[in-house]
Amino acid sequence: MKEKIPQTVNKNTIEKLCDLAMLLPPESDSEVERDIEKLTSLLSPLEALEDNGPQGLQIKQTAFREDITADSPGDGAVLSTAPEVSDGYLCVPRTVE
Amino acid sequence: MNYCTMTVNELSRLIKEKKISSLELTLSYLEKIKETDKNIRAFITVSEETAKKAAAEADAVIRSGAGDIHPLMGIPAAIKDNLCTEGIKTTCASRILRNFVPPYSAEAVARLKGHGAVIVGKTNMDEFGMGSSCENSAFGLTHNPLDPTRVPGGSSGGSAAAVAAGLVPYALGSDTGGSVRQPAAYCGVVGMKPSYGRVSRYGLIAFASSLDTVGPITRDVISNAMVYDAIAGYDPKDSTSLQEHSEAVADKLKGSNVRGMRIGVPYSLIESHTDITVKKALSSAVKHLADQGCEIIDITLPDPGLTLAAYYALSSAEASSNLSRYDGIRFGERAEDCSTIEEVFKKSRSRGFGPEVKRRILLGTFLLSREMCDRYYKKALMAREMIINGFSSLFSLCDVILAPVAPTLPYRIGKYSAEPEARYSEDIFTVYASIAGLPAISLPVGKDADTNLPVGAQIIGRAKDELTVYRAAYALETAVCGGERRCGNDI
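Worth saying up front: this structure is predicted, and the values here are computed from it rather than measured.

> Mind showing me how you'd approach the overall build of chain A here?
Helix and strand counts for chain A come out as 4 helices and 2 strands. Reading chain A from its N end, one meets helices and strands in the order α-α-α-α-β-β. Taking 97 residues into account, the globule formula puts the C-alpha radius of gyration at 13 Å, and chain A, at 22 Å, lies well above it. For chain A, the C-alpha atoms occupy an extent of roughly 55 × 45 × 25 Å along the three principal directions. Evaluated residue by residue, chain A yields a buried proportion of 24% over its 97 residues. A sequence separation of at least 24 residues applies to 9% of the contacts in chain A between residues at least 6 apart. Each charge class in chain A was averaged separately, 9 positive and 19 negative side chains, and the resulting centres sit 5 Å apart.

Listed below in structure tokens is the structure:
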């Protein structure tokens, strides 16, 4: 199980966030730490809101479209944008040992 | 005749009256792009052959005399490079999509093409829409045509610059937190952010799905309304598309009377958050509307700090989710020196994304983590509903709101390079309409006496009431420009 993200931003936090975001660790941890701290200070007005908000407040739910099939653009069109294909398959490094 | 300073409305008339062919017009613009764009860098891709072919097809339709000619038939346009265009490279100004050629067109683009529009190219932008200066592109920055040492704004900076420089008579942009309105203001042109859901997002490469909209940029209000009419309306392929009928607006503007329209003006926020030039221009705009019989009402907008916080929390969170699809597998660039699948993901993404995009992905990932989700993300969702309710109350007092677009004039290139996040607070006026899903149009209302740089104001309306927004904008433009429809500088 992945470890928790602590509430303060430090080198460990940055590494974990990069892992979750599928990014390489940055060259400068301190720059990223500074960026996230500045951005979270921009967000500080949100912390003043009550946990459940004003009475009667309803948060809109995601709009879903009808769960119906549509015509596929076809293998050719879909694979035309892939970096590497072979015999109608996407090529990737080995994923199973 | 210099077609490059004409509006869509004027060109439409010339084409209908067969005073010019689409091909002749298209060649004029392509020539102007060749001469001028090397100094502005509004375009990432110019699709000359495709444009000439489309122009010839439009001319064939016009010559055939079959049926009514659509107002946009045969008129060249540019498309922001985050809108998919079948067969034409679509990069989002990112290395990770630098060779991506979509197999389909965005719905907004398809509708324009269906009406005979001629797409001449794809315009520069801040990478994936993240930015407000057009300095965050992987393919170089765009310069403001009115002062090349300054930014054109963003993220639809290329589209706004292209229209302002007369490289195209109109362009499509996208607006998530101000990205059509702010560059329109900085470049002295007209930019519309429709109500959320009014224009299909199908084929708009996603940044923040609950905030993204597609909108037109033009030289004047009536032309903007013409393009809006062509792209607005329900699309079943977009689950957030508004199902209500989209009323045409362009033919309702001339002769429309705004006497008695109630205009809300946030005087206190303008006083505390704008510089003297913007204050003067807004004051003048208020007077113009009052002189036309509008009632001016002092209002207080919802908390600006909370609105900005909600916008950046929601947009970063959604961006981190939306951009997780760029994994180097199905499309886009793939790093080559990889021996595991995880290396493919991490190296492709790290090399493919620019610093601003990575910054926002990391922030979004942080906000959506289990420990932070309640503290920021869920509260941002609550804040959005509170802001929407706040606007509902305001719109019982007024019909539209007149506000600045940006706190200052367009700033110098590089101003925020040392502290990129310092520019986020410049979005203070544009994020309101974004968070609340409201229609808002930006138009030039004045110029700085010393630099001649334009100042834009925005008119914000009730959700789904684009007609009232356009009517107010048309009236304001008439007063500001006199009889001359074109505002801003002619390049």
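> For this particular structure, what's the right way to read the nonpolar core?
In a soluble, globular protein the nonpolar side chains are often hidden away together inside. Judged by nonpolar contacts, the single largest core of 75 residues is most densely connected at L112(B), L402(B) and I459(B). Once residues lying within four places of it in the same chain are set aside, the contact partners of L402(B) are I263(B), G264(B), V265(B), P266(B), L282(B), A285(B), V286(B), L289(B), A457(B), Q458(B), I459(B) and L476(B). Counting 73 residues, the second largest nonpolar core, distinct from the first, contains L39(A), L97(B), I299(B) and I435(B).

> Mind showing me how you'd approach the side chain of T468(B) here?
Residue and element names in this part refer to chain B. Here T468 lies in helix α15 (residues 466-481). A relative accessible area of 13% means that T468 is categorised as buried. In this structure the side chain of T468 is engaged in a polar contact, spanning 2.7 Å, whose partner is the side chain of D465. Apart from the residues within four sequence positions on either side, T468 is in contact with M261, D399 and V400.

> Explain the layout of surface pockets to me, please; I cannot follow it from the model alone.
Any empty space left between atoms is shown by rolling a water-sized probe over those atoms. Empty space within the second largest pocket amounts to approximately 450 Å³. What lines the second largest pocket is a set of 16 residues, among which P26(A), E27(A), V32(A), P355(B) and K358(B) lie closest to the centre. Those elements giving two or more residues to the lining of the second largest pocket turn out to be α2 (29-42) of chain A together with α12 (355-367) of chain B. When the residues that make up the lining of the second largest pocket are grouped by side-chain class, the tally is 9 nonpolar, 2 polar and 5 charged.

> Just checking my understanding: could you explain the pattern of salt bridges for this structure?
A side chain of one charge can pair with a side chain of the opposite charge if their charged atoms are brought near each other. Per the counting criterion, the structure on display carries 39 salt bridges over all chains. Ionic pairing is found between E244(B) and K464(B), a salt bridge with its closest N-O pair at 2.6 Å. Of this pair, E244(B) sits in the loop between α7 (221-231) and β7 (262-265) while K464(B) sits in the loop between β11 (454-461) and α15, and the two are 220 residues apart along the sequence. Note on E244(B): relative accessible area 38%, which makes it partly exposed. Looking at K464(B), the relative accessible area reads 39%, which means it is partly exposed. Several salt bridges share partner residues, and in doing so they unite R34(A), D35(A), E356(B), R359(B) and R360(B) into one network.

> Hey, could you run me through the environment of P236(B) in this one?
Residue and element names in this part refer to chain B. Mapped onto the secondary structure, P236 falls in the loop between α7 and β7. By relative accessible area, which is 54% here, P236 ends up exposed. Spatially, the C-alpha atoms of P236 and T91 are 26 Å apart, while their sequence positions differ by 145 residues.

> What's the story with the interface of chain B and chain A in this structure? I'm lost.
Buried accessible area, meaning the area lost when the parts come together, often serves as the stated size of an interface. The interface of chain B with chain A comprises 58 residues on the first partner and 50 residues on the second. Our enumeration of links across chain B and chain A arrives at 6 salt bridges. Ionic pairing is found between K379(B) and D51(A), a salt bridge with its closest N-O pair at 3.4 Å. Viewed at the interface, chain A and chain B are joined by 15 residue pairs in polar contact (both at pLDDT 80 or more).

> Would you take a moment to explain helix α2 (residues 22-40) of chain B for this structure?
All names here are of chain B. The terminal C-alpha atoms of α2, which comprises 19 residues, lie 25 Å apart, in line with the 27 Å expected from a rise of 1.5 Å per residue. Within α2 the residues assigned to the buried category are S22, L25, T26, Y29, L30, K32, I33, T36, D37 and I40. Packing partners of the buried residues in α2 comprise α1 (8-16), β1 (43-46), α3 (48-64), β2 (76-80), β3 (118-123) and α5 (157-164). Just past α2, the residue R41 takes up positive phi, approximately 65°.

> Help me understand unusual backbone geometry in this model?
For residues that are not glycine, phi is negative in most cases, and the peptide bond is trans in most cases. Between G154(B) and the following residue, S155(B), the backbone shows a cis peptide bond with an omega angle of 10°. The phi torsion at M22(A) lies on the positive side, around 55°, for a residue other than glycine. Tracing the sequence through the fold places M22(A) in the loop between α1 (11-20) and α2. Of the residues examined, M22(A) reaches a relative accessible area of 25% and is grouped as partly exposed. Positive phi outside glycine occurs at K18(B), with the angle close to 60°. Here K18(B) falls in the exposed class, since its relative accessible area comes to 55%.

> Which parts of the structure should I look at to understand the sheet that holds strand β9 (residues 400-404) of chain B?
Hydrogen bonds between backbone atoms are what pair the strands of a sheet, whose relative direction is either parallel or antiparallel. All names here are of chain B. The mixed open sheet is built from 11 strands, whose spatial order is β1-β3-β2-β4-β6-β5-β10-β11-β9-β7-β8. The open sheet has two free edges, formed respectively by β1 and β8 (295-298), since each of these has just one partner strand. Here the strands of the sheet are splayed against their neighbours by 30° on average, with no regard to which way each runs. With 3 bridges connecting them, strand β5 (residues 190-193) and strand β10 (residues 440-447) associate as antiparallel partners. Pairing of G191 across the sheet is with S442, part of β10.

> Just checking my understanding: could you explain a nonpolar patch on the surface for this structure?
On the surface, V85(A), L90(A) and V92(A) cluster together into a nonpolar patch covering about 200 Å² of accessible area. Residue L90(A) is classed as partly exposed on the basis of its relative accessible area, which comes to 33%.

> Would you mind going over the packing of α1(A) against α12(B) with me for this structure?
Two packed helices can be described by the angle between their axes and the distance between those axes. The geometry of α1(A) relative to α12(B) is characterised by a closest axis approach of 9 Å and an angle of 100° between their N-to-C directions. Classified by the angle between their axes, α1(A) and α12(B) sit roughly perpendicular to one another. Here T13(A), L17(A), C18(A) and L20(A) of α1(A) come into contact with α12(B), specifically with L362(B), T365(B) and F366(B). Looking at the contact of α1(A) with α12(B) residue by residue, the classes come out as 5 nonpolar, 2 polar and no charged.

The rules behind these values
- Residues numbered from 1 in each chain as written.
- Chains lettered and ligands numbered in written order.
- Predicted model: local features only at pLDDT ≥ 70, side-chain atom pairs only at ≥ 80, totals over all residues.
- Heavy atoms only, no water.
- Helix = DSSP H or I, 4+ residues; strand = E, 2+ residues; numbered from the N terminus.
- Rg over C-alpha atoms; globule rule 2.2 N^0.38 Å.
- Buried < 20%, exposed > 50% of the residue type's maximum accessible area, 1.4 Å probe, protein only.
- Contact = heavy atoms within 4.5 Å.
- Lys, Arg positive; Asp, Glu negative; His and termini not counted.
- Charge placed at Lys NZ, Arg CZ, Asp CG, Glu CD.
- Core = buried A, V, L, I, M, F, W, Y, C linked by side-chain atoms within 4.5 Å.
- Polar contact = N/O pair within 3.5 Å; in protein donor to acceptor, adjacent residues only side chain to side chain.
- 1 Å grid on protein atoms, 1.4 Å probe; cavity = no way out; pocket = protein on both sides within 12 Å on 5 of 7 lines; lining within 4 Å.
- Points joined across faces, edges and corners; volume = space filled by probe spheres on them.
- Nonpolar A, V, L, I, M, F, W, Y, C, P; charged D, E, K, R; others polar.
- Salt bridge = Lys/Arg side-chain N within 4 Å of Asp/Glu carboxyl O.
- Expected span 1.5 Å × (residues − 1).
- Pairing = 2+ DSSP bridges.
- Axes fitted to C-alpha atoms, helices over the stretch in contact; angles between N-to-C directions.
- Patch = residues over 30% accessible without salt bridge, like charges linked within 9 Å, V, L, I, M, F, W, Y side chains within 5 Å.
- Areas by Shrake-Rupley, 256 points an atom, 1.4 Å probe, with all protein chains shown as cover.
- Parallel < 35°, antiparallel > 145°, perpendicular 65-115°, else oblique.

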